[in-house]
Amino acid sequence: MTAAISVSGLTKRYGDHVAVGGVSFEVAQGESFGILGPNGAGKTTTLEMIEGLRKPDAGDVSVLGVPVWPDPKRIQERIGVQLQSTSLFEMLSARELLVLFARFYKRSDAEARAAKVLAQVGLEAKAADYANTLSGGQQQRLAIALALVHDPEIVFLDEPTTGLDPQARHNLWEVIRSINEDQGKTVVLTTHYLEEAEQLCQRVAIMDQSRIVALDTPSGLIAALDADARVSYTDGTGEHVLYVKDAQATVLDLLEQARSDGRSVTGLAVKGADLEDVFLNLTGSAYRE
Amino acid sequence: MNLARFTATTVAQLKMTFRRRITLFWSLAFPMILMSLLALLFGRSVSAGSLVVAGDTRDAPIAAMVKVLDHTKGLSVHTVADGATAIRQVKNGDHDAALVFAIRNGPAPGGVVAELYTSSTSATQAGIIKGIVSGAASGVSVAATGSTPAISFSPRSVDSASLSYIDFLLPGILALSIMISAVIGLSTVLVHWRQQGILRRLKLTPIPLSEFFAARITASLSVAVLQVVVLLAFGRLAWGIHISSTAWAAIPVALAGCLCFLAMGFAIGSVVSSPETGDAVSNVVTNPMMFLSGTFIPVSAMPGFVQQIAKVLPLYYMANGLRDTTVRGLSISHVAGDIGVLLLISAVLAVVALRTFRWEPGT
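Criteria and thresholds
- Residues numbered from 1 in each chain as written.
- Chains lettered and ligands numbered in written order.
- Predicted model: local features only at pLDDT ≥ 70, side-chain atom pairs only at ≥ 80, totals over all residues.
- Helix = DSSP H or I, 4+ residues; strand = E, 2+ residues; numbered from the N terminus.
- Buried ≥ 20, exposed ≤ 12 C-beta atoms within 10 Å, placed from the backbone.
- Contact = placed C-beta atoms within 7 Å.
- Pairing = 2+ DSSP bridges.
- Right-handed = clockwise from strand over helix to strand, strands pointing away.
- Axes fitted to C-alpha atoms, helices over the stretch in contact; angles between N-to-C directions.
- Nonpolar A, V, L, I, M, F, W, Y, C, P; charged D, E, K, R; others polar.
- Parallel < 35°, antiparallel > 145°, perpendicular 65-115°, else oblique.
- Left-handed = near helix turned anticlockwise from the far one by under 90°.
- Expected span 1.5 Å × (residues − 1).
- Arc of directions from axis to C-beta.
- pLDDT = per-residue confidence, 0-100.

J.: Help me get a handle on the overall build of chain B, residues and values and all.
T.: Per the secondary structure count, chain B includes 13 helices and five strands. Per-residue burial over chain B gives 44% buried out of 363 residues. Pairs at least 24 residues apart make up 78% of the contacts formed inside chain B by residues separated by at least 6 positions.

J.: Lay out the pairing of strand β8 (residues 186-191) of chain A with the relevant residues and their values.
T.: Residues and elements named next belong to chain A. Along β8, six of the six residues are buried, which leaves the element largely enclosed by surrounding structure. Burial along β8 is two-sided: the residues Thr186, Val188 and Thr190 and Val187, Leu189 and Thr191 are all buried. Looking at chain direction, strand β3 (residues 32-36) and β8 are connected through five bridges and run parallel. Counterpart to Gly34 in the pairing with β8 is Leu189. By the bridge criterion, five bridges tie strand β7 (residues 154-158) to β8 in an arrangement that is parallel. Along β8, the bridge assignment pairs Leu157 with Leu189. Crossover β7 to β8 through helix α5 (residues 166-181) is right-handed.

J.: Hey, could you go over the sheet that holds β7(A) for me, with residue numbers and the actual values?
T.: Residues and elements named next belong to chain A. One open sheet holds the six strands; their spatial order is β6-β7-β8-β3-β9-β10, and the pairing between them is mixed. Whereas interior strands pair on both sides, the edge strands pair on one side only; in this sheet they are β6 (79-82) and β10 (211-216). Taking each pair of neighbouring strands and ignoring which way they run, the sheet shows an average axis angle of 15°.

J.: Account for the interface of chain B and chain A, with residues named and values stated.
T.: Between chain B and chain A, the residue contacts involve 20 residues of the former and 22 residues of the latter. When residues of the side of chain B that touches chain A are traced back to their parent elements, those giving at least two are α1 (3-18) and α7 (198-203) of chain B. Sort the elements by how many residues they give to the side of chain B that touches chain A and α1(B) lands first, with seven residues. A breakdown of the residues in the side of chain B that touches chain A according to their chemical character gives eight nonpolar, five polar and seven charged.

J.: Any details on the sheet that holds strand β13 (residues 266-272) of chain A? Residues and values, ideally.
T.: All names here are of chain A. Spatial ordering of the open sheet is given by β12-β11-β13, a layout of three strands whose pairing is antiparallel. In this open sheet, the two edge strands, each paired with only one partner strand, are β12 (238-244) and β13. Within the sheet, the average angular offset between the axes of one strand and its neighbour, ignoring direction, is 10°. Here strand β11 (residues 229-235) runs beside β12; their pairing, made up of seven bridges, is antiparallel. Directly across from Val231, in β12, lies its bridge partner Leu242. Of the strands in this sheet, β11, β12 and β13 are in contact with helix α8 (residues 247-261), which crosses β11 at around 15°.

J.: So, the packing of helix α2 (residues 94-104) of chain A against α1(B): which residues are in play, and what are the values?
T.: The contact between α2(A) and α1(B) brings their axes to 9 Å, and the two run at 150°. It follows from the interaxial angle that α2(A) and α1(B) lie roughly antiparallel. Of the two elements, α2(A) crosses α1(B), and the hand of that crossing is left-handed. Along the contact surface, α2(A) presents A:Glu96, A:Leu100, A:Arg103 and A:Phe104, while α1(B) presents B:Ala4, B:Arg5, B:Ala8, B:Thr9 and B:Ala12. For the contact of α2(A) with α1(B), the per-class residue count stands at five nonpolar, one polar and three charged.

J.: Account for helix α6 (residues 165-195) of chain B, with residues named and values stated.
T.: All names here are of chain B. When the terminal C-alpha atoms of α6 are compared, their 44 Å separation across 31 residues agrees well with the 45 Å that a helix rising 1.5 Å per residue should span. Across the 31 residues of α6, 28 count as buried, placing the element largely inside the fold. Just downstream of α6 lies Gly197, where phi reads positive at about 80°.

J.: Tell me what's going on with α5(A), and back it up with residues and numbers.
T.: Residues and elements named next belong to chain A. Counted at 1.5 Å a residue, the expected span for α5 with its 16 residues is 22 Å, and the 22 Å between its end C-alpha atoms agrees. Inspection of α5 places Leu172, Ile176, Ile179 and Asn180 among the buried residues, and these make up the whole buried set. Buried residues along α5 cover an arc of 90° about the axis, so they all sit on one side. For α5, the exposed residues lying more than 90 degrees away from the buried face are Gln167, His170, Glu174 and Glu181.

J.: Pulling in residues and values, what's your account of the environment of A:Ala143?
T.: Residues and elements named next belong to chain A. Structurally, Ala143 can be placed in helix α4 (residues 136-148). A count of 24 C-beta atoms within 10 Å places Ala143 in the buried class. Each C-alpha atom, one on Ala143 and one on Arg95, is 12 Å from the other, the two residues being 48 residues apart in sequence.

J.: Run through the packing of α2(A) against helix α3 (residues 110-120) of chain A, naming residues and quoting values.
T.: Residue and element names in this part refer to chain A. Put simply, α2 and α3 touch, their axes get as near as 8 Å, and they point 125° apart. It follows from the interaxial angle that α2 and α3 lie oblique. Our pair here, α2 against α3, has a crossing hand that is right-handed. On α3, the residues touching Ala94, Arg95, Leu98, Val99, Ala102 and Arg103 of α2 are Ala110, Glu111, Arg113, Ala114, Val117 and Leu118.

J.: Which residues make up unusual backbone geometry, and what values go with them?
T.: Residues and elements named next belong to chain A. Look at the link from Trp69 to Pro70: it is a cis peptide, with omega at 10°. Along the chain, Pro70 turns up in the loop between β5 (66-67) and β6. Phi is positive for Asp151, which is not a glycine, with a value near 55°. For Asp151, the location among the structural elements is in the loop between α4 and β7. Although it is not a glycine, Glu159 adopts a positive phi angle of roughly 45°.

J.: A description of the pairing of strand β4 (residues 58-63) of chain A should follow, citing residues and the corresponding values.
T.: Residues and elements named next belong to chain A. Bridge count for strand β1 (residues 5-14) against β4 is five bridges, and the pairing is antiparallel. The partner of Ser8 across the bridge, within β4, is Asp60. Examined bridge by bridge, β4 and β5 share two bridges and lie antiparallel to one another. If you follow Ser62 over to β5, its bridge partner there is Pro67.

J.: An account of the confidence of the model for chain B is needed here, citing residue identities and associated values.
T.: Residues and elements named next belong to chain B. For chain B, per-residue confidence averages 84 on the pLDDT scale, and 88% of positions sit at 70 or higher. Within the model, pLDDT remains below 50 along residues 154-161, and this stretch shows 19 contacts once partners closer than five positions in the same chain are excluded. Per the prediction output, this complex has pTM 0.77; the corresponding ipTM is 0.85.

J.: Break down the environment of A:Leu254 for me, citing the residues and quoting the values.
T.: Within the element layout of this structure, A:Leu254 appears in helix α8. Separated by 143 residues in sequence, A:Leu254 and A:Glu111 have C-alpha atoms that sit 65 Å apart.

Here it is, written out as structure tokens:
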């Protein structure tokens, strides 16, 4: 089967600044794929080169076997995009906006499509409200509905939950999960929330400073740490973090040692390793959202 | 171009336009208010100003003319014994114009020569009085002799001849409101769409930019036609203005004018980066035009150099064309030149707009 997305050596420079430096990966059809990284890592630029919004300086990108450049119009009907920050036309209701966008794609069943995607994102009750009067979470739902209105094969979501409160974020996760699992669409999303990537993505590419530093399933990335748990504590010499296979033995040893040395250990914490630890291990710097 | 898509986009643009109360205010309510205000202030009683007449009123043609002027609505007529006094009173600002009669002694004795003295300090009134006096002179001439003028009078201009101020005002304000709706409407919207990333989002859909803006332009042109119909109906019903039978020809003039100002709005919206700058530039461009293009004051009543400036301003041609067709009763062939000039300026501005167009805010 043709890959949903195939990217190789993708590069984008702005003057001396390298925004994306030779990124390569493939996304399979039906997969849900995440690009995780802090702000400024190059996630959005990578995504926008695949969507056909920004022209790469070097490298190749094809979507469903079709090269995106030089004519991005060729893939437009097969992809749906939610941009990181789009406000929408004011003075049009959610339903009117969806019908209009469906018309942009020459859909003759525009009304039916609008009703369907409104239901999919759970916005039926707000269908008649002007887009600019919706809450942040509702606007994101509408933006996702607009990405779905022409029934694309691949859906791109650029930081879909940034700026939302935890409740709204969890609700949106359900919507995104159902796009991938129930409708079988390929989903590519960027996020700077580790938890979000862990929850929604079958595979995750970790980006830092314009490059991909790791790419695997969330569990594979954590397994590669070769540690099951993270033990952290503070003593007279400072703060310490240990990645260990056997947390129980480590903690017992640590406390035994401290007692015999007469040191005091505070803030002792043990937790299962997660993507945050992967990031810390790969980049040597703590993850900041 | 896809017809169903184009129609749906045009309808959406009309909805966006009409749901914004401020747009409706500027395109329909504001011109009605402005016209009513100006009409109440200047339109009826005091508009024409005050005229001082010097001459031998025992002479029949002179007496007839003074009588005609005296009966002119809004014009106050005063008589003095000699021309020098009359001219001095205009210089002092006591009156807006002086009409001095002299009995001709030369080859055609008994004829009357009339000279109209005006001051630039009351240019508006001077322009209006000039029109009234010229009209009265020809009326009296014909009445007195049937053919040869009993009073010869050479007016510099008859621009406002036979038009009352309110007749003059209606097409001017109509032109003004079409200009404001088009320039401000498109420039602010374009900047907003670019700043908010709406243009980038559109770029991801299959609708071509040309089709999207064609829909926007169609919506704006429909608004211009609505402005013509509503404001002419308002002038007729509220102020009893006689609308010529040729008024339908105002529609092509309004469309050409609207197109021209949409191109201007598009160019401004492409060049500037923030909505605030867009508003400022739009005002800087439209405000002087408002006063220099014969919207409120006849261009002929302005100093010569201003008249020259007016002739390069698109609003001048739109106001002229609308006035000729709506209240002067001139046919479409008379305004073909105005329409041509407007289309030419549209083309130039459209080139500027397309060359400066940006999808995204400047980097």
